[in-house]
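Listed here are the chains, written in short residue letters.
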Amino acid sequence: MIPEKVVARIAARAAKEALATHTGTSAARAKPAAAHASATIGGGSARLRLTVDFPYPTDLAAASQHVQHYVSERVAHLTGMRVTEVTLAIEHLVSADGRERGRVQ
């Protein structure tokens, strides 16, 4: 049996890969830099919860669906578990060019 912590790490890495492919950047240079994940395992299946930062501007609906599908497929492939749920929380929107933008005063 694969520990929940390991499945969560796989899911977090897969989320980063999914965002990189969706935005057309390499996984190593992808903004956002990280995703956080947790996993609940039982009966050969896994439920995943992801918290990510998305680049701005982006189509949130399309990007969310892409991340959920990619993570589900990748975790299932690497662990042999059936992924029954991928819950996604978008924590921040991050400027795609990496520059921080402040308020105009």
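Up top you'll find the structure we're talking about.
Note that the structure is predicted; figures quoted are calculated from it, not measured.

Points about the pairing of strand 3 (residues 82-95)
Now for step 1: Pairing between strand 2 (residues 45-56) and strand 3: 12 bridges, direction parallel. Across the sheet, residue Thr-51 finds its bridge partner in strand 3, namely Ala-89.

Digging into the nonpolar core
Now for step 1: Counting 23 residues, the largest nonpolar core has Val-7, Leu-48, Leu-50, Val-67 and Val-71 as its most contacted members.
Now for step 2: Mapped onto this core, the elements with two or more residues apiece are helix 1 (4-23), strand 1 (35-42), strand 2, helix 2 (60-79) and strand 3.
Now for step 3: Counting residues per element, this core draws most heavily on helix 1, at seven residues.
Now for step 4: In this view, Leu-50 contacts Ala-11, Ala-12, Ala-15, His-36, Ala-37, Val-67, Val-71, Val-86, Thr-87, Leu-88 and Ala-89; residues no more than four positions away in its chain are not counted.

Here's the deal with a nonpolar patch on the surface
Now for step 1: A contiguous nonpolar surface patch, about 350 Å² in accessible area, is contributed by Tyr-56, Leu-60, Ile-90 and Leu-93.
Now for step 2: Mapped onto the elements of the fold, Leu-60 is located in helix 2.
Now for step 3: Overall, Leu-60 belongs to the partly exposed group, its relative accessible area being 34%.

Comments concerning the sheet that holds strand 2
Now for step 1: With respect to topology, three strands assemble into an open sheet ordered 1-2-3, the strand pairing being mixed. Because the sheet does not close on itself, it has two edges, and the strands there are strand 1 and strand 3. Pairs of neighbouring strands in the sheet enclose a mean axial angle of 15°, with direction left out of account.
Now for step 2: Docked against the sheet, helix 2 engages strand 2 and strand 3, running at close to 140° with respect to strand 3.

Parameters and conventions
- Note on numbering: residues in each chain are counted from 1, in written sequence order.
- Totals for whole chains, interfaces and linings use every residue, but because this is a predicted model, local features are given only for residues with pLDDT of at least 70 and side-chain atom pairs only at 80 or more, for both listing and counting.
- Derived side-chain values reflect all non-hydrogen atoms in the structure, with water molecules and hydrogen atoms excluded from consideration.
- Any two strands between which DSSP finds at least two bridges are classified as paired.
- Helix and strand labels come from DSSP, where a helix needs a run of H or I of at least four residues and a strand needs a run of E of at least two; each type is numbered from the N terminus.
- Within this scheme, the nonpolar core is defined by two criteria: the residues are buried Ala, Val, Leu, Ile, Met, Phe, Trp, Tyr or Cys, and they are joined through side-chain atoms within 4.5 Å.
- Exposure categories follow from relative accessible area, calculated using a 1.4 Å probe and restricted to protein chains: below 20% of the type maximum is buried, above 50% is exposed, and the middle band is partly exposed.
- Only heavy atoms matter for contacts: two residues are in contact if any of them lie within 4.5 Å across the pair.
- Without a salt bridge and with relative accessible area above 30%, a residue can belong to a patch; like charges are then joined within 9 Å and nonpolar side chains (Val, Leu, Ile, Met, Phe, Trp, Tyr) within 5 Å.
- Per-residue and other accessible areas follow the Shrake-Rupley method at a 1.4 Å probe size, with only the shown protein chains counted as cover for residues.
- Any carboxyl oxygen of Asp or Glu within 4 Å of a side-chain nitrogen of Lys or Arg constitutes a salt bridge here.
- Every angle, taken between N-to-C directions, lies between 0 and 180 degrees, and every axis is a line fitted to C-alpha atoms, over only the stretch in contact when it is a helix.

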